[in-house]
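Observations on the three-dimensional arrangement
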Amino acid sequence: MDTTRLIYTNDRCVGCKRCISVCPVLNANMVASEEYNTRIEVNSEQCISCGSCFDVCEHQARSYEDDTECLFADLEKGEKISLLVAPAFLVNYPDEYGTVLGGLKNLGVNRIVSVSYGADITTWAYIHYITENGFLGGISQPCPAVVDYVEKYVPDLIEKLVPVHSPMMCTAIYLKKYEKLPDKLAFISPCIAKKKEIADPNTYGYISYNVTFDHLMEYIRKHNIYGASVQDEIEYGNGAIYPMPGGLKENVYWFCGEE
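Notes on the structure in this doc start here. (Residues numbered from 1 in each chain as written. Predicted model: local features only at pLDDT ≥ 70, side-chain atom pairs only at ≥ 80, totals over all residues. Heavy atoms only, no water.)

**Quick look at the packing of aromatic side chains**
- Evaluated as defined, the whole model comprises 11 aromatic pairs.
- Each ring, one from Phe 72 and one from Tyr 219, has its centre 4.0 Å from the other, and the planes form 10 degrees; the classification is stacked. In this pair, Phe 72 sits in helix 3 (residues 68-77) while Tyr 219 sits in helix 10 (residues 213-223), placing the two residues 147 residues apart along the sequence. Of the two residues examined, Phe 72 and Tyr 219, each falls in the buried class.
- Joined through ring pairs, the aromatic side chains of Phe 89, Tyr 93, Tyr 97 and Phe 213 make up one cluster.
- When the ring centre of Tyr 8 is taken as reference, the NZ or CZ atom of Arg 5 above it lies at 4.1 Å. (Phe/Tyr/Trp six-rings, centres within 6.5 Å; stacked < 30°, edge-to-face > 60°. Helix = DSSP H or I, 4+ residues; strand = E, 2+ residues; numbered from the N terminus. Buried < 20%, exposed > 50% of the residue type's maximum accessible area, 1.4 Å probe, protein only. Lys NZ or Arg CZ within 6 Å of the ring centre and 35° of its normal.)

So this is what it looks like as structure tokens:
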């Protein structure tokens, strides 16, 4: 997949410009006039894939690409694949969580690990960095849209990015480096922009697929891919609260105090 074109305008666009009004990037939307109507196209080189345009568009005129189709095609080919599951997946689909994972197991998925475990590792790494370096404030890195924005548009802030991987990557590093897992890894993901993090050279190619909740559940329901309920396999702690606003901060406060 071309990671520079994750979000694009579909045929429903009426040129209302609501996407422009909420976009944090000045040139990420382009007005394309045709003979009888106006479309707002995405400038893929400028877009940070934050998804704000999806929230405001009343016409469902934005679409995006991920690796859902590729994941199922590779499972059908017999590829050895394990899943990293974002903790928000359980929050968003509490009644289907276990049976969806069971259905994926039936298709050949090997291991299933909650990224809550990696979030606990991320918390440890932040605490270590804070206490070892007299840390007085910076920008956390779990959100690739934020990182992309900093790198592209406010490079003076790059030095303020905390040098700690996201929970997704901490989980992948644990499985690859310490458990020597040879499988391809698929991230069950709440975030379009995670594909950019996965494709970044600094993430070692450890993860092969970004499979977003919406596209996964659409595929699951269309093809009735359910099975006997199974759960993720590694225990975790407060990393499970990372999906809530300020989840990382609350984890650090829990161990270090607000001072």
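**Quick word on the side chain of Lys 194**
- Position of Lys 194 among the secondary structure elements: in helix 9 (residues 194-199).
- For Lys 194, a relative accessible area of 8% translates into the label buried.
- Not counting the four nearest positions on each side in its chain, Lys 194 is found in contact with Pro 142, Pro 144, Ser 166, Met 168, Phe 187, Ser 189 and Asn 210. (Contact = heavy atoms within 4.5 Å.)

**Side note on the sheet that holds strand 6 (residues 112-114)**
- Read from one edge to the other, the open sheet built from 4 strands follows the order 6-5-7-8, with strand pairing classed as parallel. A strand with exactly one partner marks an edge of an open sheet, and here the two such strands are strand 6 and strand 8 (209-212). Direction aside, neighbouring strands of the sheet carry axes that sit 25 degrees apart on average.
- Both strand 5 (residues 81-85) and strand 7 (residues 184-189) contribute to a ladder of 5 bridges, which runs parallel. (Pairing = 2+ DSSP bridges. Axes fitted to C-alpha atoms, helices over the stretch in contact; angles between N-to-C directions.)

**Regarding the side chain of Arg 62**
- Structurally, the position occupied by Arg 62 is in strand 4 (residues 62-64).
- No salt bridge forms around the buried Arg 62; measuring N to O, its nearest opposite-charge neighbour Glu 41 is 6.9 Å away.
- Separated by 2.8 Å, the side chains of Arg 62 and Asn 29 make a polar contact.
- At 3.3 Å, the side chain of Arg 62 forms a polar contact with the backbone oxygen of Ile 40.
- Dropping the residues within four chain positions of it, Arg 62 is found in contact with Ile 7, Tyr 8, Thr 9, Asn 10, Cys 19, Asn 29, Ile 40, Glu 41, Val 42, Cys 53 and Phe 54. (Lys, Arg positive; Asp, Glu negative; His and termini not counted. Salt bridge = Lys/Arg side-chain N within 4 Å of Asp/Glu carboxyl O. Polar contact = N/O pair within 3.5 Å; in protein donor to acceptor, adjacent residues only side chain to side chain.)

**Thoughts on the nonpolar core**
- One finds Phe 72, Leu 83, Leu 84, Val 85, Phe 89, Ile 188 and Ile 207 to be the most contacted residues of the largest nonpolar core, which totals 41 residues.
- Excluding anything up to four places from it in sequence, Val 85 contacts Tyr 97, Leu 101, Ile 112, Val 113, Ser 114, Val 115 and Ile 188.
- Ile 7, Ile 48, Tyr 64 and Ala 193 belong to the second largest nonpolar core, which has 18 residues in total. (Core = buried A, V, L, I, M, F, W, Y, C linked by side-chain atoms within 4.5 Å.)

**A closer look at the pattern of salt bridges**
- Taken as a whole and assessed by the stated rule, the structure comprises 13 salt bridges.
- Across the pair Glu 96 and Arg 221 runs a salt bridge, and its minimum N-O distance is 2.7 Å. Of this pair, Glu 96 sits in the loop between helix 4 (87-92) and helix 5 (97-106) while Arg 221 sits in helix 10, placing them 125 residues apart in sequence.
- The exposure class assigned to Arg 221 is partly exposed, which follows from its relative accessible area of 46%.
- With its nearest N and O atoms 3.5 Å apart, the salt bridge here joins Lys 152 to Asp 148. Here the residue Lys 152 and the residue Asp 148 both occupy positions in helix 7 (residues 144-153), the gap between them amounting to 4 residues, near one helical turn.
- Look at Lys 152 and you get partly exposed, because its relative accessible area is 35%.

**Observations concerning the packing of helix 6 (residues 115-133) against helix 8 (residues 167-178)**
- Viewed as axis vectors pointing N to C, helix 6 and helix 8 meet at an angle of 100 degrees, and their least axial separation amounts to 7 Å. It follows that helix 6 is roughly perpendicular to helix 8 by the angle criterion. Contacts between helix 6 and helix 8 pair Val 115, Tyr 117, Gly 118, Ala 119, Ile 121 and Thr 122 from the former with Pro 167, Met 168, Cys 170, Thr 171 and Tyr 174 from the latter. (Parallel < 35°, antiparallel > 145°, perpendicular 65-115°, else oblique.)

**A short note on the environment of Glu 96**
- Distance in space between the C-alpha atoms of Glu 96 and Leu 136 is 42 Å, their sequence separation being 40 residues.
- Residues in contact with Glu 96, not counting those within four places in the same chain, are Met 217, Arg 221 and Tyr 226.
- Within the structure, Glu 96 has its side chain in polar contact with the side chain of Arg 221 (distance 2.7 Å).

Honestly, it's all geometry; don't read function into it.
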